[in-house]
Amino acid sequence: MWRRDRRGEELATRANVVLIQGALACIRTIAYLRRDPGFESGEVVDDYHELIRLLADTAASLPGSLRADTRQTPAEGLQYAWDISNELIRRWMRETLANEGIVIDELVS
């Protein structure tokens, strides 16, 4: 049981890092292009500033659970980010993690 929990936390940690890195890369791309490139889904948001804000909020909610001195686990941090996200960001999270072979539905409820 403990071994499975540990693997789940390791996967959640990896997912958190992938999402933080992905959000930063997306923010840089969107800011440079001054538009939403549509990414994987092809859906384009008219207000690219709002998309930058949403991605930044998502990225900002994740690192706290990765600190050694916190009580929140990486899985709990990922769940929190999922819970506060709208459908657009959830789709982005799902696509970003799928590109790394991570199925977010196995990590969040």
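Criteria and thresholds
- Residues numbered from 1 in each chain as written.
- Predicted model: local features only at pLDDT ≥ 70, side-chain atom pairs only at ≥ 80, totals over all residues.
- Heavy atoms only, no water.
- Helix = DSSP H or I, 4+ residues; strand = E, 2+ residues; numbered from the N terminus.
- Rg over C-alpha atoms; globule rule 2.2 N^0.38 Å.
- Buried < 20%, exposed > 50% of the residue type's maximum accessible area, 1.4 Å probe, protein only.
- Contact = heavy atoms within 4.5 Å.
- Areas by Shrake-Rupley, 256 points an atom, 1.4 Å probe, with all protein chains shown as cover.
- Lys, Arg positive; Asp, Glu negative; His and termini not counted.
- Charge placed at Lys NZ, Arg CZ, Asp CG, Glu CD.
- Polar contact = N/O pair within 3.5 Å; in protein donor to acceptor, adjacent residues only side chain to side chain.
- Core = buried A, V, L, I, M, F, W, Y, C linked by side-chain atoms within 4.5 Å.

Regarding the overall build of the chain
Step number 1: Looking only at helices and strands, the chain has four helices and zero strands in total.
Step number 2: Helices and strands appear in the chain in the N-to-C order α-α-α-α.
Step number 3: Against the 2.2 N^0.38 benchmark of 13 Å for 109 residues, the chain shows a C-alpha radius of gyration of 14 Å, consistent with a compact globule.
Step number 4: In terms of principal-axis extent, the alpha carbons of the chain reach across some 45 × 25 × 20 Å.
Step number 5: Counting across all 109 residues of the chain, residues that qualify as buried make up 39%.
Step number 6: Sequence-distant contacts in the chain: of pairs separated by 6 or more residues, those separated by 24 or more amount to 63%.
Step number 7: If you sum the accessible surface of the chain, you get close to 6,900 Å²; carbon and sulfur atoms cover 51% of it.
Step number 8: Seen as two clouds, the 14 positive and the 18 negative side-chain charges of the chain have centres 6 Å apart.

A word on the environment of Asp47
Step number 1: Mapping Asp47 onto the fold places it in the loop between helix 1 (2-33) and helix 2 (48-61).
Step number 2: Looking at Asp47, the relative accessible area reads 42%, which means it is partly exposed.
Step number 3: As for Asp47 and Val17, which are separated by 30 residues in sequence, their C-alpha atoms are 26 Å apart.
Step number 4: Only 3.1 Å separates the side chain of Asp47 from the backbone nitrogen of His49, close enough to count as a polar contact.

Examining the nonpolar core
The tendency in soluble globular proteins is for nonpolar side chains to be buried as a group.
Step number 1: Core analysis: the biggest nonpolar cluster contains 28 residues, and Leu55, Leu78, Trp92 and Met93 have the highest contact counts within it.
Step number 2: When residues of this core are traced back to their parent elements, those giving at least two are helix 1, helix 2, helix 3 (74-84) and helix 4 (87-98).
Step number 3: Counting residues per element, this core draws most heavily on helix 1, at eight residues.
Step number 4: In contact with Met93, other than residues within four places in its own chain, are Leu19, Thr58, Leu78, Ala81, Trp82, Ser85 and Ile104.

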